[in-house]
Amino acid sequence: MVSKPHGNKLINRVVVGRRRDHLLEEAKELPRIEISETLAADTINIAHGVYSPLEGFMTQEDYIHVLHDMRLSNDIPWTIPIILDVNPEDIVDIKEGDDITLTHNNKPIAIMKIEEIYGWDKNEYCKQVFKATDPTHPGVTKTMGRKELLIGGPIDLLNDIYEPFEKYRLWPIETRVLFEAKRWRTIAGFQTRNVPHLGHEYVQKAALTFVDGLFINPLVGWKKRGDFKDEVIARAYEVLIQHYFPKDSIVFSVLRMEMRYAGPREAVFHAIVRKNFGCTHFIVGRDHAGVGNFYKPYEAWEIFKEFPDLGITPLFIRESFYCKKCGGFVNEKICPHSDENRIRISGTKLRRFILRKEKPPEYMVRPEVFEVILSFDNPFIE
Amino acid sequence: MFEDEFKKDSDVRRGKYTTVSIPITLYNRIKELIKDTGFTSVSQFVTYILREVIASMEREKLESSMISEEEKKRIIEKLRKLGYI
Ligand SMILES: [Zn+2]
């Protein structure tokens, strides 16, 4: 059976029909706050239950609990604050209790009831969430550049933003129906922000051996410079699934959500999100959601011990490598050979082949996937 | 400055705890059990176990499906169009 939603309630704050017509009219009269694409994506995710049980952006009590205890104020596990930052001058005429319209590119996205306006200590946020205040951490730089105040309260969604990957996008209620229709009882979620190389495929197939289905759910949206462009990732998976996975074992859909690079905390957050999509298991690999050397390779595995009530089972799968003596993909636990026989496939290595437009060895990346990557003038974010 | 009018993180009380009573015999039993396990106190262990048990009881209380048949039909239709089914 698919997972119960987090907090036992799948949130739906998408307004439809006559109520939507009515609220769209009302939205015209309300004070407006223009939000970024990333925040608009968060708003839409809240409305569609991706962040269940959240019904809006966090108020201070939840924010503080999440920051220090990794739980909402009702004790439900939650590790990454979902917050909306504003400039003081944007809200001079707005007070707690007011309704406002959130807009993106001047189009109304949602109506938000402002329950609370509060200050935040960005440095403390970075210490708690990223375990770092070093500006070379992309999450730290991004956080320090955010606005000075936070507003919290529930939202009602009026409009979506343009989604170029519409045909690959499913919401939690849809994947839940889909998994049931497929009669999957166990589903492993796979988080990614990369094009798949053989190392990823090994991890996915190791998990798939033990569950009914695999839910591959790459993030699209804000990532750091040098990461793969969203379209490259989507098209690469399309060909990988077509050529190398049994048809009835995979569901592929994208999720518009920013990467935080918060390592362990983000690993738990990623698991919670996939639980809302109906996953019973979640694959946590080496250095999950990490960046540089900010987190220890398996630090993201440790943190799960603190959540006996998470409601989704983490699958800790070791980093895989190609072993010349074993003649295939293996991991530390099953390969007895020394390091000189082992070839580790990394994004960095793959990148070198891409930049030189040179065909990488077969054990590194599937030829169909590499062809897709090369079909882009520049597959990386500038 | 304007934002000084609002509460800062440090103004909000955090890490609130309360006390519950358990028989002293149980307390001692737990204390013995958790030696060398990574649990650093009886309270930490009890919190862990309670969260585990309560989460599973809450899940059991839920009805199996929260989606109406009509909604389900609409979703299946969409999934067919997209080629997922
Ligand atoms: Zn070997």
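Residues numbered from 1 in each chain as written. Chains lettered and ligands numbered in written order. Predicted model: local features only at pLDDT ≥ 70, side-chain atom pairs only at ≥ 80, totals over all residues. Heavy atoms only, no water.

A word on empty space enclosed by the protein
All names here are of chain A. Formally: Note on definitions: the grid is 1 Å and covers protein atoms alone; a cavity is a set of points where a 1.4 Å probe fits but cannot get out; a pocket is an open set with protein on both sides within 12 Å along at least five of seven lines; lining residues have an atom within 4 Å of a point. Grid points are joined across faces, edges and corners, and a volume is the space filled by probe spheres set on the points. For this classification, the nonpolar set comprises Ala, Val, Leu, Ile, Met, Phe, Trp, Tyr, Cys and Pro, the charged set comprises Asp, Glu, Lys and Arg, and every other residue, Gly included, is treated as polar. Where each domain starts and ends follows an automatic or database-derived domain assignment.
The tally for this structure, following the rule as stated, stands at three cavities of 30 Å³ or more. As for the largest cavity, its lining consists of Ala 41, Ile 44, Asn 45, Asp 160, Ile 161, Glu 163, Arg 169, Trp 171 and Arg 256. For the lining of the largest cavity, the class distribution of residues is four nonpolar, one polar and four charged. Inspection of the lining of the largest cavity shows a minimum of three residues originating in each of domain 1 (6-157) and domain 2 (166-374).

Here's the deal with helix 2 (residues 42-61) of chain B
All names here are of chain B. The criterion, for reference: The way it works is that DSSP assigns letters per residue, a run of H or I at least four long becomes a helix, a run of E at least two long becomes a strand, and they are numbered from the N terminus. Helix span, expected: 1.5 Å multiplied by one less than the number of residues in the helix. Classification of residues uses two cut-offs on accessible area relative to the type maximum, computed with a 1.4 Å probe and protein chains only: under 20% is buried, over 50% is exposed, and between them is partly exposed. The criterion used for residue contact is that any of the two residues' heavy atoms lie within 4.5 Å.
Taking 1.5 Å of rise per residue, the 20 residues of helix 2 would be expected to cover 28 Å, and the 28 Å separating its terminal C-alpha atoms lies within 8% of that figure. Regarding helix 2, the residues found buried are Val 42, Phe 45 and Ala 55. Looking at the packing, one finds that the buried side of helix 2 touches helix 1 (24-33).

Structural notes on the coordination of the zinc ion
All names here are of chain A. The line we're drawing: Metal-coordinating donors are taken as N, O and S atoms lying within 2.8 Å of the metal, or within 3.2 Å when the metal is Na, K or Ca; because water is left out, some sites can appear incomplete. Sites are called tetrahedral only when four donors show all angles between 85 and 135 degrees, square planar or octahedral only when four or six donors show opposite pairs over 155 degrees and all other angles between 65 and 115, and irregular in any remaining case.
At 2.1 to 2.3 Å from the zinc ion lie its protein donor atoms, namely Cys 323 (SG), Cys 326 (SG), Cys 335 (SG) and His 337 (ND1). For the zinc ion, the four donor atoms are set out with angles of 101 to 117° between them, so the coordination reads as tetrahedral. In primary sequence terms, the donor set of the zinc ion follows C-x2-C-x8-C-x1-H. Of the two residues, Cys 323 sits in strand 14 (residues 320-323) while Cys 335 sits in the loop between strand 15 (328-331) and strand 16 (342-343), which places them twelve residues apart along the sequence. Cys 335 shares its class with Cys 323; the two are buried.

As for the confidence of the model for chain B
The following threshold applies: What pLDDT reports is the predictor's confidence in each residue, on a scale of 0 through 100.
On average, residues of chain B score 83 in pLDDT, and 79% of them reach the 70 mark or higher. The ipTM for the predicted assembly is 0.83, set against a pTM of 0.92.

Brief notes about the layout of surface pockets
Leftover empty space is mapped by rolling, across the atoms, a probe with the size of a water molecule. When its volume is computed, the largest pocket comes out at roughly 1,600 Å³. Lining the largest pocket we find 45 residues, and of these Asp75(A), Tyr17(B), Thr47(B), Tyr48(B) and Arg51(B) sit closest to its centre. Put simply, the parts of the chain that give the lining of the largest pocket at least two residues each are helix 3 (60-69) of chain A together with helix 2 of chain B. The element contributing the most residues to the lining of the largest pocket is helix 2 of chain B, with twelve residues. In terms of residue class, the lining of the largest pocket is built from 17 nonpolar, 16 polar and twelve charged. Two domains share the lining of the largest pocket, each providing at least three of its residues, namely domain 1 (6-157) and domain 2 (166-374) of chain A. Quantified by volume, the second largest pocket comes out at close to 1,100 Å³. Around the second largest pocket sit 36 residues that line it, and Arg193(A), Asn194(A), His200(A), Arg286(A) and Asp287(A) are the ones nearest its centre.

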